[in-house]
Amino acid sequence: MKLAVYGKGGIGKSTTSCNISIALAKRGKKVLQIGCDPKHDSTFTLTGFLIPTIIDTLQSKDYHYEDVWPEDVIYQGYGKVDCVEAGGPPAGAGCGGYVVGETVKLLKELNAFYEYDIILFDVLGDVVCGGFAAPLNYADYCLIITDNGFDALFAANRIAASVREKARTHPLRLAGLIGNRTAKRDLIDKYVEICQMPVLEVLPLIEDIRVSRVKGKTVFEMAETEPTLNYICDFYLNIADQLLSHPEGVIPMELEDRELFNLLSTFYLNGSSPVNEKTTNFSTNLSEKTEKTNDLDFLLV
């Protein structure tokens, strides 16, 4: 099974990916996590350091694939999860999709690509071009990390569009959304009500998850000495169990940008918060001010 994890930048994809990889390993699977970000920090909480990238290694070998050995690029992290960092081209030059392709090519040359039960691609940020969507060419399922916020759901909607497009020519399905660092889920629920897709799990805002990233450890590793954290591990184990059941998944139908904007903004302003005297007074005052400024060419609020 091959998984591609996407989501808005800074949403917690890498931390979530590492903990899902461990959860899958805990279920007896042989797991490889491939970081697909020039920052090459996807596997940091698994290994505790920034491992050399595929591209750096190939450059040092003058791109002679025959001179590269598995131990040059594959590092074993916590829980026996193997780790690879694709790396990326220099800033402002090259294509991230090319780097992902070279990574897969090298792993196939090393007879490593098909040795794993699970390969998880942790992909940078939003899908803004075909290069960033390259991991979807190899994936069985896409997972989208989001929170209950406006921007993250906009990114999720764009990623859903990429999944739909790739599903035309690849056996790819969206496994579902994973809510991360969110105390509420009303916007998420509103979005999936319109764009039918599963929600695999919603993780609340938990400081220990953020701390684990800073420490360079997964929550599972921290829980070995802090058993009170085991309840957090259960969130990731639940996600792993759902994935291992080989869900049918969906081909999502995304919303148009303006339609999504109207949906979320209207729901955010009217649907999730009851109208109270304070908001009513604000609206009244704003209307009065608007009437007084009708003769202006521009109004900056």
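Now for a look at the structure at hand. Values in this document were obtained by computation on a predicted structure and should not be read as measured data.

## Notes on the pairing of strand E4 (residues 82–85)
Covered by surrounding structure in E4 are Asp-82 and Val-84 together with Cys-83 and Glu-85, the residues of both alternating faces. In this sheet, E4 lies alongside strand E2 (residues 31–36) in parallel orientation, the contact comprising four bridges. Looking at the pairing, Ile-34 lines up with Val-84 of E4. As defined by bridge partners, strand E3 (residues 75–76) adjoins E4 across two bridges and the pair is classed as antiparallel. Residue pairing across strands places Gln-76 opposite Asp-82, the latter belonging to E4. Hairpin geometry of E3 and E4 is characterised by an intervening segment of five residues between the two adjacent antiparallel strands and by a positive phi of about 70° at Gly-79.

## Here's the deal with the side chain of Thr-16
For Thr-16, the location among the structural elements is in helix H1 (residues 13–26). Look at Thr-16 and you get buried, because its relative accessible area is 1%. A distance of 2.7 Å separates a polar side-chain atom of Thr-16 from the backbone oxygen of Gly-12. Not counting the four nearest positions on each side in its chain, Thr-16 is found in contact with Ile-145, Asn-180 and Tyr-236.

## What about the nonpolar core?
Ranked by internal contacts, the top residues of the largest apolar core, which has 50 residues, are Phe-121, Cys-142 and Tyr-191. Ignoring sequence-local partners within four residues, the contact set of Cys-142 consists of Ala-4, Tyr-6, Leu-136, Ile-159, Val-163, Leu-172, Arg-173, Leu-174, Ala-175 and Gly-176. The next biggest cluster of nonpolar side chains, apart from the first, holds 41 residues, and it includes Ile-22, Ala-23, Leu-203 and Met-222.

## A look at the sheet that holds E4
Pairing is mixed across the open sheet formed by eight strands, whose spatial order is E3-E4-E2-E5-E1-E6-E7-E8. Two strands in the sheet have a free side with no partner beyond their single neighbour: E3 and strand E8 (199–202). Relative to strand E5 (residues 118–123), H1 is tilted by about 175°, and along the sheet it contacts strand E1 (2–7), E2, E5, strand E6 (141–146) and strand E7 (173–179). Those strands touched by helix H6 (residues 150–166) are E1, E6 and E7, and its axis lies near 170° from that of E6.

## Things to note about the pattern of salt bridges
Counting across every chain of the model gives 11 salt bridges. In this structure, Asp-241 engages Arg-27 in a salt bridge whose closest nitrogen and oxygen atoms are separated by 2.7 Å. Placement of the pair is Asp-241 in helix H10 (residues 230–244) and Arg-27 in the loop between H1 and E2, with a sequence separation of 214 residues. Given a relative accessible area of 39%, Arg-27 falls into the partly exposed group. Residue Asp-186 pairs with Lys-184 through a salt bridge whose shortest N-O separation is 3.7 Å.

## Overview of the environment of Asn-148
Among the structural elements, Asn-148 can be located in the loop between E6 and H6. With a relative accessible area of 13%, Asn-148 lands in the buried category. Sequence separation between Asn-148 and Tyr-191 is 43 residues; the distance between their C-alpha atoms is 9.9 Å. Residue contacts for Asn-148: discarding those within four places in its chain leaves Thr-182, Lys-184, Arg-185, Asp-186, Leu-187 and Ile-188. A polar contact of 3.0 Å, which involves the side chain of Asn-148, links it to the backbone nitrogen of Leu-187.

Reading guide: rules and limits
Throughout this description, residue numbers start from 1 for each chain and increase along the sequence as written. Whole-chain, interface and lining totals are the exception, using all residues; otherwise, since this is a predicted model, local features are given only for residues with pLDDT of at least 70 and side-chain atom pairs are given and counted only at 80 or more. With hydrogens and water excluded, all non-hydrogen atoms of the structure serve as input to the side-chain values. The buried label applies to any residue whose accessible area, calculated with a 1.4 Å probe on protein chains only, is under 20% of its type's maximum; exposed applies above 50%, and partly exposed to all values in between. To qualify as a helix, a DSSP run of H or I must reach at least 4 residues; to qualify as a strand, a run of E must reach at least 2; elements of each kind are numbered from the N terminus. Two strands form a pair only when DSSP identifies at least two bridges running between them. Polar contacts, as used here, are pairs of N or O atoms within 3.5 Å; protein pairs need one atom able to donate a hydrogen and one able to accept it. Residues neighboring in sequence count only if both atoms are side-chain atoms. Should any heavy atoms of two residues lie within 4.5 Å, those residues are considered in contact. Among buried residues, those of type Ala, Val, Leu, Ile, Met, Phe, Trp, Tyr and Cys that are joined through side-chain atoms within 4.5 Å constitute a nonpolar core. Angles run from 0 to 180 degrees between N-to-C directions of axes, and those axes are lines fitted to C-alpha atoms, restricted for helices to the stretch in contact. Salt bridges, as used here, are contacts in which a Lys or Arg side-chain nitrogen is within 4 Å of a carboxyl oxygen on Asp or Glu.

In short, shape yes, function no, at least from these values alone.
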